[in-house]
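Chain and residue survey
Chain by chain, the residues run as shown.
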Amino acid sequence: MLKIKEYVKAESLEQAYELNQKKSNCILGGMLWLKMSDRTVQKAIDLSGLGLDTIEETEDSFSIGCMVTLRQLELHPRLNEWTNGAIRDCVKDIVGVQFRNLATIGGSIFGRFGFSDVLTCFLALDTYVELYQSGVIPLEQFVGIKRDRDILVRIIVKKTPVKCVYMTHRNAKTDFPVLACAAALSGQTDNCRGYVVAGARPGRAIRIEIGTEEVMRLRKGAYTKEDLRSLAAGLAKDIPMDSNMRASAEYRSHLAEVLLFRCLSTLQERGGEV
Amino acid sequence: MKVKIVLNGKTREDEINSDQLLIDYVRSHGCYSVKRGCETSNCGLCTVFLDGKPILSCSLLTARADGHRVETLEGLQKEAEEFGAFVADQGAEQCGFCNPGMIMNAIALFRENPDPSEEEIKEYLAGNLCRCSGYEGQLRAIKQFLEYRRRGGESCE
Ligand SMILES: Cc1cc2nc3c(=O)[nH]c(=O)nc-3n(C[C@H](O)[C@H](O)[C@H](O)COP(=O)(O)OP(=O)(O)OC[C@H]3O[C@@H](n4cnc5c(N)ncnc54)[C@H](O)[C@@H]3O)c2cc1C
Ligand code: FES
Ligand code: FES
């Protein structure tokens, strides 16, 4: 059971950061993951008084405060319009509405959980994290960094034109995903890149770039079904899988071919100009 | 520490432990409809409204509700009874342990989306587990209640 000796509502990020340098203290996100741990926290540091619970849209990006809930992401019209509904698709099966009204994007991304739908989806977008101490770095870089005692302040999604799609396979509707996949075509016409992302492998999500020629063909809608299947199979081969209680590595590799085929087919259908 | 919470319309000031969970706070004030059905934030039995939004009271520190409005089924008697009658009519439940959490979340659904499709109902209530019944009766009750409201039965609001 989680025990908390003292609750501190932080008055500034500076104060929160300083408190968080002590190993026995801990930042509170939505506390859903934390609550399952068996530990005693000296000071639980609450960031909920710092105005970090809003999604702001500027000319070139969406800036998402770390205390924004998964439900806020799900219901945000502009963010979902921008991402073809991929954001909604990535959170809608996480436990239930009541849960998503509490779980935060900060806790979800900072945790860098292998099973994370949220991490998988945001990796497909042009995403950066703003850390209190280390500044702004690309999410892809952040995923590979060992956990330290910094504070994740905001998630920034650049408004690079994007077509994207998100899909998972789950053994039961609101269980953790057996495999999570996202695919995206991103960038201007003359500088368009393509990515597929796989999460819940069950390791942390990884992103693989699709070759320039393949991206061109996808955008032109030039692939036949069979060609798309082999493109998906080729990409799936490069994704390392493992086994756990939910599925074997072999099963996940097979799922990856199927899900990536479906993701790429959807992208091609939406096709054309990004 | 001290907290001030508006619980079912009544402002209360209490001295609490830093790690008290909201479920234990509301129960200590006699709101026994709020139940703990799991240790993993999965079952939805503990659903209450925080500033009008459904949340899991088993997973929120009471400290975080300081200065906010909390409602439980005890505070929503009229709405709850009206819809609850349809659940009872369908014989939708067996042990009934899941009932208060499900009713709370169904009310949240009706407020947010007065005319939900079957898919939307299922999606909204996916976090309310029932260990006995298989959900069909609950779904029928919700559909009949919505039909009753469409035909001009008294509104749920
Ligand atoms: C039963 C259950 C089922 C779940 N199912 C899924 C699922 O199917 N798919 C999925 O993607 N996710 C799932 N999750 C994970 C969930 O969606 C959240 O990602 C998770 O709970 C963490 O978010 P939180 O807000 O609860 O963070 P917390 O539990 O509060 O925090 C998690 C960690 O991050 C730290 N932290 C939090 N915020 C910050 C910050 N701003 N800066 C620095 N450190 C911070 C905390 O100290 C803690 O170590 C599940 C979780 C549970 C408990
Ligand atoms: S008691 Fe099960 S979700 Fe709260
Ligand atoms: S009727 Fe028994 S848990 Fe739902």
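1. What to know about the sheet that holds strand β9 (residues 162-170) of chain A
All names here are of chain A. Here four strands make up an open sheet; going across it, the order is β9-β10-β11-β12 and the pairing antiparallel. One side of each edge strand has no neighbouring strand; the edge strands of this open sheet are β9 and β12 (206-210). Neighbour-to-neighbour, the strand axes of the sheet open up by a mean angle of 15 degrees, direction not taken into account. Sheet analysis places strand β11 (residues 193-199) next to β12, joined by five bridges and oriented antiparallel. When the sheet's bridge partners are listed, V196 is paired in β12 with I208. Of the strands in this sheet, β9, β10 (177-186), β11 and β12 are in contact with helix α7 (residues 117-124), which crosses β10 at around 15 degrees. Most of the contacts of helix α11 (residues 249-270) go to β9, to which it runs at about 150 degrees, and overall it touches β9, β10, β11 and β12.

2. Some thoughts on the pairing of β9 of chain A
All names here are of chain A. Here β9 pairs with β10 via nine bridges, running antiparallel. Following the sheet pairing, Y166 is matched in β10 by A182. If you look at the hairpin formed by β9 and β10, you'll find six residues sitting between the two strands.

3. Examining the sheet that holds strand β5 (residues 61-65) of chain A
Residue and element names in this part refer to chain A. Across the sheet, which stays open at both edges, the five strands sit in the order β4-β5-β8-β6-β7 with antiparallel pairing between neighbours. A single partner strand is all that each edge strand has here, and the edge strands are β4 (55-57) and β7 (135-138). Adjacent strand axes in the sheet meet at a mean angle of 20 degrees, parallel and antiparallel pairs treated alike. Strand direction decides the pairing type here: β4 and β5, joined by three bridges, are antiparallel. If you follow E56 over to β5, its bridge partner there is S63.

4. Examining the interface of chain B and chain A
One frequent convention defines the size of an interface as the accessible area lost when the parts assemble. If you look at the interface, chain B gives 27 residues, while chain A gives 29 residues. Here chain B and chain A share three salt bridges between them. Residue E112 of chain B pairs with R71 of chain A through a salt bridge whose shortest N-O separation is 2.5 Å. The interface formed by chain B and chain A holds twelve residue pairs in polar contact (both at pLDDT 80 or more) in total. For the side of chain B that touches chain A, the secondary structure elements donating two or more residues are β4 (53-56), α3 (99-112) and α4 (118-124) of chain B. Among the elements that make up the side of chain B that touches chain A, the one with the highest residue count is β4 of chain B (four residues).

5. Looking at the site of ligand 1
In the vicinity of ligand 1 lie 37 residues, with I27, G30, T104, S108 and R147 of chain A positioned nearest. Chains contributing residues to the immediate surroundings of ligand 1 are chains A and B. Separating an oxygen atom of ligand 1 from a side-chain N or O atom of R147 of chain A is a distance of 2.5 Å. With the chains in place, 96% of the 970 Å² that ligand 1 exposes on its own is no longer accessible. Spatially, ligand 1 is embedded in the largest pocket. Mapped onto the shell around ligand 1, the elements with two or more residues apiece are β2 (26-28), α6 (105-110) and α7 of chain A. Considering each element in turn, the shell around ligand 1 owes the most residues, four residues, to α6 of chain A. A per-class count over the shell around ligand 1 returns 23 nonpolar, nine polar and five charged.

6. Examining α7 of chain A
Residue and element names in this part refer to chain A. When you tally the buried positions in α7, you get eight out of eight residues, the bulk of the element. Residues D117, V118, L119, T120, C121, F122, L123 and A124 constitute the buried set of α7. A distance of 3.2 Å separates the backbone nitrogen of V118 from a side-chain oxygen at the start of α7, and that oxygen is part of S116.

7. Some words on the domain arrangement of chain A
All names here are of chain A. Here chain A is described as being made up of domain 1 (2-46), domain 2 (55-158) and domain 3 (162-270). A straight line from the C-alpha centre of domain 2 to that of domain 3 covers 20 Å. Facing the 21 residues of domain 2 at the interface are 25 residues of domain 3. Between domain 2 and domain 3, the buried area comes to about 2,100 Å², and carbon and sulfur atoms account for 54% of it. Three residues stand out in domain 2 for area buried against domain 3, namely N84, D93 and T120, and they jointly supply 27% of the buried area on that side. A salt bridge links D93 to K173; the shortest N-O distance between them is 3.9 Å. If you look at where domain 2 meets domain 3, you find eight residue pairs in polar contact (both at pLDDT 80 or more). Breaking the side of domain 2 that touches domain 3 down by element, the ones donating at least two residues are α4 (86-91), α7 and α8 (139-144).

8. So, helix α1 (residues 13-20) of chain A
All names here are of chain A. Inspection of α1 places L13, A16, Y17, L19 and N20 among the buried residues, and these make up the whole buried set. All buried residues of α1 project into a common sector of 165 degrees when viewed along the axis, lining one side. Buried residues along α1 sit against β1 (3-9), β2, β3 (40-46) and β8 (152-158).

9. Regarding the packing of helix α2 (residues 77-89) of chain B against α3 of chain B
Residues and elements named next belong to chain B. One can describe the packing of α2 onto α3 by two numbers: an axis separation of 10 Å at closest approach and a directional angle of 110 degrees. It follows from the interaxial angle that α2 and α3 lie roughly perpendicular. Considering how the two elements wind past one another, α2 and α3 form a crossing that is right-handed. Here α2 contributes E79, A80, F83, G84 and V87 to the contact with α3, which in turn contributes N99, M102, I103, A106, I107, F110 and R111. Here the contact of α2 with α3 is composed, by residue class, of eight nonpolar, two polar and two charged.

Definitions and limits used
- Residues numbered from 1 in each chain as written.
- Chains lettered and ligands numbered in written order.
- Predicted model: local features only at pLDDT ≥ 70, side-chain atom pairs only at ≥ 80, totals over all residues.
- Heavy atoms only, no water.
- Pairing = 2+ DSSP bridges.
- Helix = DSSP H or I, 4+ residues; strand = E, 2+ residues; numbered from the N terminus.
- Axes fitted to C-alpha atoms, helices over the stretch in contact; angles between N-to-C directions.
- Contact = heavy atoms within 4.5 Å.
- Salt bridge = Lys/Arg side-chain N within 4 Å of Asp/Glu carboxyl O.
- Polar contact = N/O pair within 3.5 Å; in protein donor to acceptor, adjacent residues only side chain to side chain.
- Near = heavy atom within 4 Å.
- Areas by Shrake-Rupley, 256 points an atom, 1.4 Å probe, with all protein chains shown as cover.
- 1 Å grid on protein atoms, 1.4 Å probe; cavity = no way out; pocket = protein on both sides within 12 Å on 5 of 7 lines; lining within 4 Å.
- Sits in = over half its atoms within 2 Å of the grid points.
- Nonpolar A, V, L, I, M, F, W, Y, C, P; charged D, E, K, R; others polar.
- Buried < 20%, exposed > 50% of the residue type's maximum accessible area, 1.4 Å probe, protein only.
- Domains from an automatic or database assignment.
- Buried area = accessible area lost by both parts, 1.4 Å probe.
- Arc of directions from axis to C-beta.
- Parallel < 35°, antiparallel > 145°, perpendicular 65-115°, else oblique.
- Left-handed = near helix turned anticlockwise from the far one by under 90°.

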